[in-house]
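# Understanding the architecture of this molecule
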Amino acid sequence: MSNDEPPKAGVLQGTLDLMILQTLNAMGPQHGYAIASRLEQVTGGALQLNMGTLYPGLMRLEQRGLVKGTWGVTDTSRRARFYTLTAAGRRQLAAQRAQWDRTIALMQAVLAGGK
Amino acid sequence: MPGRLREWILRLTTMVRPGRTDADIEEELRAHLALAAEDDTPPPEAASTAGGRRVALRAGGVDQAMERMRDQRGVPLVADLSRDAREAIRSFARTPGMAVVAVVSLTLALALGLTVFRVLNAYVLRALPYPASDRLYSVVLTAPGQTFLRDLAGMPWESLDDIVEHRIAWDLDMLALLGGEYPEAAAAAWVTPGFLEGLGVDTALGRRLQPADFTAVGTTPVLISHRLWTTRFGASTGVLGQPLRAYSNERPDEDATFTVVGVLRPDFWHVNTFTDVIAPLRTPSWPYMLRLRPGVDATLVERRLDAMVRASTSGVPDDWRPLLASTHARYVEALSPLLTAMAGVAAIVMLIACANVSVLLLVRAVRRQHEMALRLALGASRARLARLLAVEGGLLAVTSSALALALSGGLLHALAPALETHVARRVPGGVSALGLDTSVLLAALAAAVIVTLVLTVVPLAGASLPALGAGLVSRERGDTTGRAARRVRDVLVAAELAGALALLVAATLMIDSTRRLLDEPMGFRSNVLVADIALRDRTHPDPADRAAFFTRLLQNLGRQLDGAPVAIGARFPLQSTPTRNVTSAGPGGPAANAALLPVSAGYFEALGIPLRDGAGFATDDRPGGADVAVVSESLAARLWPGERAVGQFLHIPDSLAPDALTTPHRVVGVAGDVQELPPDGAGVRLDLDRLDLYVPLLQAPARFAFLYVPEGALGRYPDREAALRRAVAAVHPEAAVSSLRSLGALLDAVRGRPRRLAWLLSLLAASATLLALIGVYGVLAYAVRQREREIGVRMAVGAAPHEITGMFVREGARLLARGLAAGVLAAVALGRALEAQLFGVAPVEPRLLAGALVTLAACGGFAFWWPARRAAHVAPADVLRGD
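Quick look at the structure, then. The written sequence of each chain sets the order in which its residues are numbered from 1. To read the labels, note that chains go from A and ligands from 1, taken in the order they are written. Whole-chain, interface and lining totals are the exception, using all residues; otherwise, since this is a predicted model, local features are given only for residues with pLDDT of at least 70 and side-chain atom pairs are given and counted only at 80 or more. For side-chain calculations, the full set of non-hydrogen atoms in the structure is used, while hydrogens and water are omitted.

Residues and elements named next belong to chain B. For alanine 132, which is not a glycine, the phi torsion comes out positive at approximately 45°. Counting from the N terminus, the helices are the DSSP runs of H or I reaching at least four residues and the strands are the DSSP runs of E reaching at least two. Along the polypeptide, alanine 132 turns up in the loop between helix H6 (96-125) and strand E1 (136-140). Of note, aspartate 562 is a non-glycine position whose phi angle comes to about 55°, a positive value. Along the chain, aspartate 562 turns up in the loop between helix H16 (543-560) and strand E13 (567-569). Throughout, exposure labels follow a simple rule: accessible area from a 1.4 Å probe, protein chains only, divided by the maximum for the residue type, with under 20% read as buried, over 50% as exposed, and the rest as partly exposed. Its relative accessible area of 65% is what places aspartate 562 among the exposed residues.

In structure tokens, the structure reads:
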């Protein structure tokens, strides 16, 4: 299915959701462009999400009830769609984070043991 | 995972309830680009590039993102298909005429096909409405021309019980139910235990017949039909145990009181005429049908039967053979010529409709070649184009198929009675079997799938694929349509013309045949009512009593109806009549096989048969009267050519002792020729020799007779039937009138058969011809349009208008010639299929064939001359400037 294809911008499969959820958790309600800019900024420009990756991802999260999109106005008086983390989204973020931490720890242990 | 489930439910629901609109999504994406442009600070190395374009490149295209979001929004395949469907509907809406023509022609063709299929399904494909009906076989113990074996009933049939499960026999009878104002006729069947078991006869109320019922003496327990229960007993449950007073035509002096023990289920259906009363047959009988045990082969039963018959009786001819034929197959065998002919016609019309719609789509595809090539260039895959064509074809096919299903249902609902009369076979299990069932739905679905395939593959093969690649180029070159497209198109148009010609010829054959049939003078008038009258043996034991009854009846009626001509006869003119080999008296006198018709005085007047010479019979005739006869003109001419028939003598052999000497009958009159038209099975047969011999009925009246009363004579009675019944009952209360029919209605039923077929075929032929002409016209008109550039160039370099017209006329003539040549072959084949329905015309009539050819050639010629003429009026400058 097309939505399960890995994003072309070098995003690790399955990590885009976590990144978006984390960004929204850290920064509060944001529009898509702000999310992309924030991710580009925190990765030092290494992660440039194009619209064809970001927005279907946001739509998927919204369809799963993890985020909620509403139209609002930016600081520069421009209409934009703002995404808010829902309670389910927060639970999902916690679960995915814990999962990710465990994976990292496991990988580190394996890689360290292999030296 | 609930989140994922929620996602899919949402995605699926977008199929019916759209989620975010495209506009909403697009606005979000545009906002993204705008926000990006706002805080865009060009890096130093790219300072000169236009900011917006760089942002767009980095962010990815809006269109591409839109596409991916649409996929995320719904289910991609479904979303694509529904988008294609919307696109197809929009494109049909742009050319509504084409869409309507396509749907109408497909609907008509499919409706015809489905109607034929539903008839085929009801009669042939569906099993007879009996449990395990494939094990039911009809037993034929005397082939045509074979002698009838004696004592069949007394043979040891039970010796076959190891291979035969049930022996099914019935004895049809007419009961006169007593107790009402006048006796009511009810069809009855005296049946064997095997009949009930073998045909799975069940009751809706009360009990079934039990073994004891078949041996007991005393009152006879009977089962009555649901209809009789409703009409005579008001559907009361109190009917059980009630006496039914009646007498039987076959056993008039047996116990006349029956006891109702059960009511048959409303859906009980008997292969023979419907029965209102089922009674136990208490005398031995031989089986008409057998239910074989599971796995038993019919040929084995035939062998055993043959051996049994030969062992139990002597004098069985060597060439005698018993025959077992599937009951179902026997029931429907008379239908097969008609069904074959109709299936052939349906196939031709479907072929024409499919060809026509294919041509329309093909022409449309060619016109859209540029658009399609553009789409290909823009990255649409060929599969995507094929999908679009399939969706368009599918939309047309499904719409037409659904409409056709409804149309065929309506047609059959309206035509079921006519159909049953026409094929002289009731629909097995009742007319509801013509309704929708799984096979019919599957057939409609299959038809839709096939039509979709044809409508996808033909335009694809004909136009898109070979031409598409060159679509952009060819337009530049001013080239005409692709060679493959033209070939497919030519074949389709030729097929349409061929089909139209075949149907046209078939229709003219049928019309000609019907005209001849209707032109044949019947020789009698048809505004006459015919009533069947039956007397009881007990009340009228000998011919003298019966003669007295009929004489009084005729006198009474004559008085009551102010001297209107009333008469009785042993047969009626539409019935097939037994013949006798009558000879002119005197040594070596000529002989002829003549139909023997016992009639009363007044018969010729009542039926309007002219007396050419002499007189009819005396009104006071009775047993022992003078041996006189009236002959038909044809018989007179055959027996006494060139002589006056009145006063001559002839011998009528006894049917039981053909060689015995008989007293000669003196011819007293010569009557006009009359046709007997037997309404039997499929096919048309006319009584062509018209050799009829009338003898005085009242000299030896049987217990049954037909009473003839002119329709007008009963005009003043609101209920003619009741009036007649009362008049009969007034002469004797137990004389029964079992049916009252109008000779005209009977005649119409018989003549209606070819008339209906002729109508149907004419209608089909007309619509097929019209479709084919539309096809020819369409193809030529579009060919002209396709080649406008070429025409423009030719005219610019000096071609005369007539040369341009000639160019297209030649192309049209070539198409027409091929189509008509194929059509002649198809017409010959269809004519042979219709052979059984034809009267007085050969299946191949060069005269009619030539007529149809000329008609179609003329119409076809006009259909292509018109667009060709228009081509010559193309203004070169307009065309060349066109692009």
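Moving on to a nonpolar patch on the surface. Residues and elements named next belong to chain B. Taken together, Val100, Val104, Leu108, Leu407, Leu411 and Leu415 make up a surface patch of nonpolar side chains, about 480 Å² in accessible area. Taken together, the elements giving at least two residues each to the nonpolar patch come down to H6 and helix H13 (382-423). Tracing the chain through its elements places leucine 411 in helix H13. What makes leucine 411 partly exposed here is its relative accessible area of 34%. Like-charged residues are merged into a patch within 9 Å and nonpolar side chains (Val, Leu, Ile, Met, Phe, Trp, Tyr) within 5 Å, provided each residue has over 30% relative accessible area and no salt bridge. The Shrake-Rupley method, run with a 1.4 Å probe sphere, supplies the accessible areas, and residue values consider only the shown protein chains as cover. Each salt bridge in this description consists of a side-chain nitrogen of Lys or Arg and a carboxyl oxygen of Asp or Glu lying within 4 Å of one another.

Attention now moves to the pattern of salt bridges. Think of it this way: side chains of opposite charge can pair up when their charged atoms draw near. Inspection of the entire model under this criterion finds 21 salt bridges over all chains. Two residues, aspartate 532 of chain B and arginine 741 of chain B, come together in a salt bridge whose shortest N-O distance is 3.1 Å. In this pair, aspartate 532 of chain B is assigned in strand E12 (residues 528-534) and arginine 741 of chain B in strand E22 (residues 736-742), connecting sequence segments 209 residues apart. With a relative accessible area of 18%, aspartate 532 of chain B lands in the buried category. Among the salt bridges present, the one from arginine 847 of chain B reaches glutamate 845 of chain B, with a minimum N-O distance of 3.4 Å. With a relative accessible area of 47%, arginine 847 of chain B lands in the partly exposed category. On the basis of relative accessibility, which here comes to 16%, the residue glutamate 845 of chain B falls in the buried class. Within the structure, one salt-bridge network assembled from shared partners comprises Asp17, Arg60 and Arg64 of chain A.

Another aspect to go through is the sheet that holds strand E3 (residues 79-85) of chain A. Residues and elements named next belong to chain A. Pairing within the open sheet is antiparallel, and its 3 strands lie in the order E1-E3-E2. Only two strands of the sheet have a single partner each, and these edge strands are strand E1 (30-31) and strand E2 (67-73). Any two strands with at least two DSSP bridges between them are considered paired. Where E1 meets E3, 2 bridges bridge the pair, whose relative direction is antiparallel. Of the residues in E3, the one forming a bridge with glutamine 30 is tyrosine 83. Contacts from helix H1 (residues 15-27) reach E1, E2 and E3, with the element oriented near 95° to E3. Any two residues having at least one pair of non-hydrogen atoms within 4.5 Å are treated as being in contact. Inter-axis angles, ranging from 0 to 180 degrees, are taken between N-to-C directions of lines fitted to C-alpha atoms, where helices are fitted over the stretch in contact.

Before going further, it helps to examine the interface of chain A and chain B. Residue-level contacts link 31 residues of chain A with 33 residues of chain B. With both sides pooled, the region where chain A packs onto chain B buries about 3,000 Å², and carbon together with sulfur makes up 55% of that total. Buried area, as used here, totals the accessible surface that two parts lose on assembly, with accessibility defined by a 1.4 Å probe and the loss added over both. Summed over the three residues of chain A that lose the most area to chain B, namely Tyr33, Met51 and Gln63 of chain A, the buried surface amounts to 26% of that side. Counting across the chain A and chain B interface gives 2 salt bridges. Aspartate 24 of chain B serves as the salt-bridge partner of arginine 81 of chain A, at 3.8 Å between the closest nitrogen and oxygen. Elements represented by at least two residues in the side of chain A that touches chain B include exactly helix H2 (32-42), helix H3 (51-63) and E3 of chain A. For the side of chain A that touches chain B, the leading source of residues is H3 of chain A, giving 9 residues. The classification used treats Ala, Val, Leu, Ile, Met, Phe, Trp, Tyr, Cys and Pro as nonpolar, Asp, Glu, Lys and Arg as charged, and all other residues, Gly among them, as polar. Residues belonging to the side of chain A that touches chain B are distributed by class as follows: 11 nonpolar, 11 polar and 9 charged.

Further remarks concern the packing of aromatic side chains. Residues and elements named next belong to chain B. Only the six-membered ring of Trp is used, alongside the rings of Phe and Tyr, when aromatic pairs are assigned; centres must lie within 6.5 Å, and planes under 30 degrees apart are stacked while those over 60 apart are edge-to-face, with the rest tilted. Taken as a whole and judged by the stated rule, the model has 10 aromatic pairs over all chains. Seen from their ring centres, tyrosine 603 and tyrosine 694 are 6.0 Å apart, and the 50° between their planes marks the pair as tilted. With tyrosine 603 in helix H17 (residues 603-606) and tyrosine 694 in strand E20 (residues 692-696), the pair connects residues that are 91 residues apart, well separated along the chain. With 5.5 Å between their ring centres and 85° between their planes, tyrosine 603 and tyrosine 708 make a pair best called edge-to-face. With a gap of 105 residues between them, tyrosine 603 in helix H17 and tyrosine 708 in strand E21 (residues 704-710) connect regions that are remote in the sequence. Comparing tyrosine 603 with tyrosine 708, the two get one shared label, buried. Connected via pairs of aromatic rings, a cluster forms that spans Trp170, Phe195, Trp286 and Tyr288.

Moving on to the sheet that holds strand E11 (residues 323-326) of chain B. Either a parallel or an antiparallel arrangement is found when strands of a sheet pair, and the pairing is made through backbone hydrogen bonds. All names here are of chain B. What the 4 strands build is an open sheet, ordered E2-E10-E1-E11; its pairing is antiparallel. The outermost strands of the open sheet, each flanked by one partner alone, are strand E2 (164-168) and E11. Between one strand axis and the next, the sheet turns through 30° on average, direction left out of account. Both E1 and E11 contribute to a ladder of 4 bridges, which runs antiparallel. What sits directly across from serine 138, in E11, is alanine 325. Helix-sheet contacts for helix H9 (residues 298-312) involve E1, E2, strand E10 (289-292) and E11, and the interaxial angle to E11 is about 155°.

So, on to the environment of glutamate 835 of chain B. For glutamate 835 of chain B, the location among the structural elements is in the loop between helix H22 (801-833) and helix H23 (846-871). Given a relative accessible area of 41%, glutamate 835 of chain B falls into the partly exposed group.

With their axes 12 Å apart at the nearest point, H3 of chain A and helix H2 (residues 22-38) of chain B run at an angle of 130° to one another. Judged by the inter-axis angle, H3 of chain A sits oblique to H2 of chain B. For the crossing formed where H3 of chain A meets H2 of chain B, the hand is right-handed. When H3 of chain A is examined against H2 of chain B, the residues Met51, Leu54, Tyr55 and Met59 of chain A are found in contact with a partner set consisting of Ile25, Glu28, Leu29, His32 and Leu33 of chain B. Partitioned by chemical class, the residues of the contact of H3 of chain A with H2 of chain B number 7 nonpolar, 1 polar and 1 charged. In these notes the angle categories are as follows: under 35 degrees is roughly parallel, over 145 is roughly antiparallel, 65 to 115 is roughly perpendicular, and the rest is oblique. A clockwise turn of the near helix away from the far one marks a right-handed crossing, whereas an anticlockwise turn of less than a right angle marks a left-handed crossing.

This next bit is on the pairing of E3 of chain A. All names here are of chain A. Taking burial as the measure, the 7 residues of E3 include 5 buried ones, the bulk of the element. Two elements, E2 and E3, share 7 bridges in a ladder whose sense is antiparallel. Each residue of the ladder has a partner; that of glycine 69, found in E3, is tyrosine 83. Hairpin connection, E2 to E3: the antiparallel pair is bridged by 5 residues, and serine 77 has positive phi, about 60°.

This brings us to the side chain of glutamine 699 of chain B. All names here are of chain B. Its location among the elements puts glutamine 699 in the loop between E20 and E21. When its relative accessible area of 14% is taken as the criterion, glutamine 699 is described as buried. Pairs of N or O atoms within 3.5 Å make up the polar contacts considered here, provided that, within protein, one atom can donate a hydrogen while the other can accept it, and that residues adjacent in sequence are counted only when both atoms are side-chain atoms. One polar contact links the side chain of glutamine 699 to the main-chain carbonyl oxygen of alanine 626, over a distance of 2.6 Å.

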